[in-house]
Amino acid sequence: MVAGAPSGGGAPLYETLRDCLRRDEPVALGTVVAGAEGVALGAKLLVRRDDPPMGSLGNPELDSVAGRDLAGAVISGQSSVRHYGLHGEIRQEEVTVFVEAFSPPPRMVILGAVDFSAALSQIAKVLGYRVTVCDARAVFATPIRFPAADEVIVDWPDRYLKRVGADLGPRDAVCVLTHDTKFDVPAIAAALATDVGYIGAMGSRRTTARRAEKLREEGVGDAELSRVRAPIGLDLGARTPEETAISICAEIIASQTGTEMVASLSRSTGAIHRNAPAS
């Protein structure tokens with residue numbers, strides 16, 4: 001729920017917010033919820049990805065600073081409470097702004113219409129992902145084989161990624177399960193050209209090494225290759241497609257929380273829950 005009433009121009013602001021939600025377009029709304037005398041409680045600033053902000057929290061300086069935080073919330077999808085000075089000064093608490101992020105579900109693009117893809121789409125849906133399965137082979141890429149997927153696309157994976165890549169961000173994942181160099185090398189190269197948060201590729205260590213050489217031949221540098229999790233998944237001893245899907249999703253969670261060394265909770269110390277990075 002959006003709390004409070006916006007200061008001037010509220011109706012257009014709310015109409016824009018409504019339209020963004022209907023289109024599943026990421027958007028963030030900042031509302032002044034507390035402040036010193038003279039602060040306009042309920043003042044609002046709406047920030048979208050590619051359009052100018054709407055509304056105002058009280059003055060241009062505050063709008064500029066808070067607007068950057070709101071833009072970050074559009075990307076991260078995380079709501080928060082922020083504190084500022086009257087003119088946007090940091091480390092002051094004269095103005096309290098509730099930053100409310102509205103984001104569509106994170107996306108998982110699974111490349112390759114194989115049994116592992118069917119299992120992964122099921123586990124990903126449980127975690128709240130919007131799942132796309134893509135394969136150039138129409139005989140395999142059918143909705144009947146992937147009932148859990150939100151959409152099944154018949155197209156070359158790299159061509160599909162080039163079409164949707166601009167919409168992929170840090171919360172999203174690309175999982176390359178094709179096991180075929182002519183598919184996965186161009187697909188990984190296309191994924192690396194996006195801002196997607198997780199890229200994983202299935203294959204043995206021998207396949208992984210051979211694929212890395214092919215990617216280098218295509219001009220992909222070592223820094224870019226370091227973004228690719230291959231072989232895909234955590235070392236859980238997984239054997240079945242379902243177990244492998246769990247190991248992949250576990251690696252995605254670990255990468256998003258910055259947990260590079262994963263141990264059993266019973267054999268580790270410290271906080272159980274970690275906050276996801278705001279980037």
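Positions within a chain are numbered from 1, following the residues in the order the chain's sequence is written. Per-residue local features of the predicted model are confined to residues with pLDDT of at least 70, and side-chain atom pairs are confined, for both listing and counting, to 80 or more; whole-chain, interface and lining totals are unaffected and use all residues. In computing side-chain properties, one takes all heavy atoms of the structure into account and sets aside hydrogens as well as water.

(A) Molecular detail of the sheet that holds strand 3 (residues 54-56). Pairs of strands are assigned from DSSP output, requiring at least two bridges between the strands. Helix and strand assignments come from DSSP, with helices taken as H or I runs of at least 4 residues and strands as E runs of at least 2, each series counted from the N terminus. Strand order in the open sheet formed by 5 strands is 3-2-1-5-4, with antiparallel pairing between adjacent strands. If you trace the sheet from one side to the other, it starts and ends with strand 3 and strand 4 (80-84), each paired once. Between one strand axis and the next, the sheet turns through 25° on average, direction left out of account. Pairing of strand 1 (residues 27-35) with strand 2 (residues 44-48), which is carried by 5 bridges, proceeds in the antiparallel orientation. What sits directly across from T31, in strand 2, is K44. Only heavy atoms matter for contacts: two residues are in contact if any of them lie within 4.5 Å across the pair. In this analysis an axis means a line fitted to C-alpha atoms, helices contributing only their contacting stretch, and an angle means the value between N-to-C directions, from 0 to 180 degrees. The sheet contacts of helix 2 (residues 60-76) involve strand 1, strand 2, strand 3, strand 4 and strand 5 (95-102), and relative to strand 2 the element is tilted by about 45°.

(B) Representation of helix 4 (residues 157-164). Those residues of helix 4 not exposed but buried are P157, D158, Y160, L161 and V164. Projected down its long axis, helix 4 carries its buried residues within an arc of 160°, all on one side. In helix 4, the exposed residues that point more than 90 degrees away from the buried face are K162 and R163. Residues of helix 4 that are buried in the fold lie against strand 6 (107-111), strand 7 (130-135), strand 8 (151-154), strand 9 (173-176) and helix 5 (181-192). Only protein chains enter the area calculation, which uses a 1.4 Å probe; residues under 20% of their type maximum are buried, those over 50% are exposed, and those in between are partly exposed. Working note: the arc is built from the helix axis to C-beta atom directions.

(C) Local environment of the sheet that holds strand 7. Taken in spatial order, the 6 strands of this open sheet run 8-7-6-9-10-11, and their pairing is parallel. This sheet does not close on itself; its edge strands, each paired only once, are strand 8 and strand 11 (228-229). Here strand 6 pairs with strand 9 via 4 bridges, running parallel. Its bridge partner lying in strand 9, L111 is registered against V176.

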